[in-house]
Protein chains: 2
Amino acid sequence: MIRKLAIIGVGLIGGSMARALRDEGVVQEIVGCGRNRENLEKAVALGVIDHYSHDVAVAVRGADLVLLAVPLGAMADTLRAMKGHLAEDAVVTDAGSVKGSVVRDAVEVFGEVPPFFVPGHPIAGTERSGVEASFAELYRNRRVILTPLETTDQGALERVEWAWQKCGAVVTKMAVEHHDEVLAATSHLPHMLAFSLVDSLARMKENDEIFRYAAGGFRDFTRIASSNPVMWRDICIANQDALGGMLKRFADELHEMAAVLKAGDSEALEQIFARAKAARDRYIDRAE
Amino acid sequence: MIRKLAIIGVGLIGGSMARALRDEGVVQEIVGCGRNRENLEKAVALGVIDHYSHDVAVAVRGADLVLLAVPLGAMADTLRAMKGHLAEDAVVTDAGSVKGSVVRDAVEVFGEVPPFFVPGHPIAGTERSGVEASFAELYRNRRVILTPLETTDQGALERVEWAWQKCGAVVTKMAVEHHDEVLAATSHLPHMLAFSLVDSLARMKENDEIFRYAAGGFRDFTRIASSNPVMWRDICIANQDALGGMLKRFADELHEMAAVLKAGDSEALEQIFARAKAARDRYIDRAE
């Protein structure tokens, strides 16, 4: 049972965890925290949170579980604001898309990653945002990655794992650096490619005409380029090392592809395409 | 009215044109041509075609409209097979995704692009293929690009335009080279990127794990990597000049992105992302 859950950042991610734990009947009191009064009032009206404060120090008071669901760029300030105000038995976790930067922020604020802090990342989300978009089932059968450190308290880790499992999620653990590599490959690089491609086409002279002839495939391919630019700026900067490496490697591969194309090497091309199709079809089979 | 329509290659593209023109009541007789007997029998059973031949020369005999809906790699042989067997009033068009290569094939076979040949490209398709996937509405409100040459007969051009309009399509005309540039940008490059990315991830050591953490965005982004590898090999090779140039330029842009990332230039990054989002949202608004 959770005595008091503090959700710092009551949007899709934070709101959905609150709803899920409330529905499971495992939380007595939920306090929300954020800057936008209207959003917080809505969260109360929707029954997602019981009450709210704009002050992180006030919101975390007496909370035994704290979720940081704020943008990566606001993580350090949020940690700073709660320092010295946490309950003795408080366990803190976060939902940031990059774990290395959150760990660095924690070290900056606390001098080390505190034993009670369990870095985490729910691999879930929709194109919508804000508390109105939140729903209790968001995490059902979705993966949540926790990246505990050597200093992490075992009890704190188990507590966070338990909470996510109550939300219906499948929890796995991995090293911070490994998480950031995997996510760079499967999420951050694809976003970077989609943003870059659309921007590159938009800057072409006949861009209006170009988009006119884009068919369904283009639409799917570039859907993620409609994501929030500020959030993605933060994610890419926060994961600049892993993402930068992958970006360079991929750019080199494209130069190789250009060479294969120039040489008219249709056998090599077909091999690459066939291997990709097989991998994706396998992955989709598993996902559906 | 079309006296006899010859569909060379009775799959999604050819079958859908046959169905649409039949539904419009503007065609008296439809003959199909292909190598797969089972597929052609099915096409007859479905009423898509009236009868068929495996021999192009026989199929085009007496036809006043011929649609080449064969893979790009089979275009030259198909043109060669019909040479000397076309009716005097025959008009020929094709549905190839690249126009430069089809024009080159026509020049190779006929010494020039014959006045009766109108290169074309319907911007339509689904993930499915084969005559069973065909339907009369495929081209409704979709764009068809025709790329007539200076030598193209005006009457032939009008005839092809009329046929596509009867299918419900919006017909536009552009130069061969321009078509191939626009399609390289909006279709061929995105396919190349999706295939390359999935292949690149599949070749990583922990590829199974990587795909496990891929979420919805990745799925949309890579959907086109499930396309037919042989067809796409043909398309990419056929458009190697325009596509190769675009591929190199994009690879250079990714190197620039890596530099922006390394410098931690969040302002530049946000600008690119915001510009891309604005362009895509505009395009989607228009498409929906």
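Residues numbered from 1 in each chain as written. Chains lettered and ligands numbered in written order. Predicted model: local features only at pLDDT ≥ 70, side-chain atom pairs only at ≥ 80, totals over all residues. Heavy atoms only, no water.

(A) Local environment of the overall build of chain A. Along the backbone of chain A there are 12 helices and 9 strands. With respect to the three principal axes, the spread of C-alpha positions in chain A is 65 × 40 × 35 Å. Restricting to contacts in chain A with at least 6 residues of sequence separation, those with at least 24 account for 73%. Counting every atom, chain A has about 11,700 Å² of accessible surface; 47% of that belongs to carbon and sulfur. (Helix = DSSP H or I, 4+ residues; strand = E, 2+ residues; numbered from the N terminus. Contact = heavy atoms within 4.5 Å. Areas by Shrake-Rupley, 256 points an atom, 1.4 Å probe, with all protein chains shown as cover.)

(B) Summary view of the nonpolar core. Ranked by size, the top nonpolar core spans 143 residues in total, and within it Ile8 of chain A together with Ile8 of chain B carry the most contacts. Here Ile8 of chain A is in contact with Cys33, Val56, Ala59, Val60, Val66, Leu67, Leu68, Ala69, Val70, Thr78 and Met82 of chain A, once residues within four sequence places are set aside. (Core = buried A, V, L, I, M, F, W, Y, C linked by side-chain atoms within 4.5 Å. Buried < 20%, exposed > 50% of the residue type's maximum accessible area, 1.4 Å probe, protein only.)

(C) Highlighting the sheet that holds strand β4 (residues 65-68) of chain B. Residue and element names in this part refer to chain B. Strand order in this open sheet of 6 strands is β3-β2-β1-β4-β5-β6, and the pairing throughout is parallel. Pairing within the sheet leaves two strands with one partner each, and these edge strands are β3 (51-53) and β6 (117-118). Examined bridge by bridge, strand β1 (residues 2-8) and β4 share 4 bridges and lie parallel to one another. The residue of β4 that forms the bridge with Ala6 is Val66. (Pairing = 2+ DSSP bridges.)

(D) A look at the interface of chain B and chain A. Across the contact, 88 residues belong to chain B and 88 residues belong to chain A. Summed over both sides, the interface between chain B and chain A buries roughly 8,300 Å², with carbon and sulfur atoms accounting for 67% of that surface. Linking chain B to chain A there are 8 salt bridges. Glu270 of chain B is the salt-bridge partner of Arg233 of chain A, the closest N and O atoms lying 2.5 Å from each other. At the boundary of chain B with chain A, the tally comes to 27 residue pairs in polar contact (both at pLDDT 80 or more). Those elements giving two or more residues to the side of chain B that touches chain A turn out to be β8 (143-146), α7 (176-202), α8 (207-212), α9 (216-221), α10 (229-238), α11 (240-262) and α12 (266-287) of chain B. For the side of chain B that touches chain A, the class distribution of residues is 48 nonpolar, 15 polar and 25 charged. (Buried area = accessible area lost by both parts, 1.4 Å probe. Salt bridge = Lys/Arg side-chain N within 4 Å of Asp/Glu carboxyl O. Polar contact = N/O pair within 3.5 Å; in protein donor to acceptor, adjacent residues only side chain to side chain. Nonpolar A, V, L, I, M, F, W, Y, C, P; charged D, E, K, R; others polar.)

(E) Here's a closer look at the environment of Glu158 of chain A. Position of Glu158 of chain A relative to the elements: it lies in helix α6 (residues 154-166). Linking Glu158 of chain A and Val118 of chain A, residues 40 residues apart in sequence, is a C-alpha distance of 9.6 Å.

(F) Structural detail: unusual backbone geometry. All names here are of chain A. We note that Asn141 has phi near 60°; this positive angle belongs to a residue other than glycine. Mapped onto the fold, Asn141 is located in the loop between β7 (120-122) and β8 (143-146). Asn141 gets classed as exposed once you look at its relative accessible area, which sits at 65%.

(G) Quick peek at the domain arrangement of chain A. Residues and elements named next belong to chain A. For chain A, the assigned domains read domain 1 (2-174) and domain 2 (178-287). Placing the centre of domain 1 and that of domain 2 at their C-alpha centroids yields a distance of 31 Å. Each partner contributes residues to the interface: domain 1 has 15 residues there, and domain 2 has 10 residues. If you look at where domain 1 meets domain 2, you find 0 salt bridges. Here domain 1 and domain 2 share 5 residue pairs in polar contact (both at pLDDT 80 or more) between them. Considering each element in turn, the side of domain 1 that touches domain 2 owes the most residues, 3 residues, to helix α5 (residues 100-110). Its residues assigned to classes, the side of domain 1 that touches domain 2 shows 6 nonpolar, 6 polar and 3 charged. (Domains from an automatic or database assignment.)

(H) Up close: the relation of the copies chain B and chain A. The transform that puts chain B on chain A rotates by 180° and translates by 0.0 Å along the axis, for an RMSD of 0.0 Å. Read as a symmetry element, the transformation amounts to a two-fold axis. In terms of proximity to the rotation axis, the leading residue of chain B is Phe221 of chain B, whose C-alpha is 2.0 Å off the axis. Looking at chain B, 100% of its interface residues are interface residues in chain A too, so the copies touch through the same face. (Least-squares fit on C-alpha atoms with pLDDT ≥ 70 in both.)

(I) Quick peek at the pairing of β8 of chain A. Residues and elements named next belong to chain A. Alignment of β7 against β8, held across 3 bridges, turns out to be antiparallel. Following the sheet pairing, Gly120 is matched in β8 by Leu146. In this structure, β8 lies alongside strand β9 (residues 170-173), joined through 4 bridges in parallel fashion. Along β9, the bridge assignment pairs Leu146 with Lys173. Once you follow β8 into α6 and on to β9, the crossover reads as right-handed. (Right-handed = clockwise from strand over helix to strand, strands pointing away.)

(J) Spotlight on the pattern of salt bridges. Applying the stated criterion across every chain yields a total of 34 salt bridges over all chains. Measuring nitrogen to oxygen at the nearest pair gives 2.9 Å for the salt bridge that ties Arg233 of chain B to Asp234 of chain B. Of the two residues, Arg233 of chain B and Asp234 of chain B, neither departs from the other in class, the shared state being buried. Lys277 of chain B serves as the salt-bridge partner of Asp281 of chain B, at 3.0 Å between the closest nitrogen and oxygen. Of the two residues, Asp281 of chain B and Lys277 of chain B are both situated in helix α12; the distance of 4 residues between them amounts to about one turn of the helix. Salt bridges linked by common partners bring Asp199 and Arg203 of chain A together with Glu253 and Arg275 of chain B together as one network.

(K) View of α6 of chain A. Look at α6 of chain A: 18 Å from first C-alpha to last across 13 residues, which is about the 18 Å you get at 1.5 Å a residue. Put simply, Asp153 of chain A is the residue that caps the front of α6 of chain A, since its side-chain oxygen is 3.1 Å from the backbone nitrogen of Gly155 of chain A. (Expected span 1.5 Å × (residues − 1).)

(L) α11 of chain B, seen in detail. For α11 of chain B, with 23 residues, the first-to-last C-alpha span of 32 Å sits near the 33 Å given by 1.5 Å per residue. The positive-phi residue at the C-terminal boundary of α11 of chain B is Gly264 of chain B, with phi of around 65°.

(M) Structural view of the packing of aromatic side chains. Counted under the stated rule, the structure contains 9 aromatic pairs over all chains. With a centroid separation of 6.0 Å and an interplanar angle of 55°, the aromatic rings of Phe211 of chain B and Phe218 of chain B are classed as tilted. Side by side, Phe211 of chain B and Phe218 of chain B carry an identical accessibility label, which is buried. For Arg143 of chain A, the ring lying beneath its charged end belongs to Tyr213 of chain B, and the centroid distance is 5.5 Å. (Phe/Tyr/Trp six-rings, centres within 6.5 Å; stacked < 30°, edge-to-face > 60°. Lys NZ or Arg CZ within 6 Å of the ring centre and 35° of its normal.)

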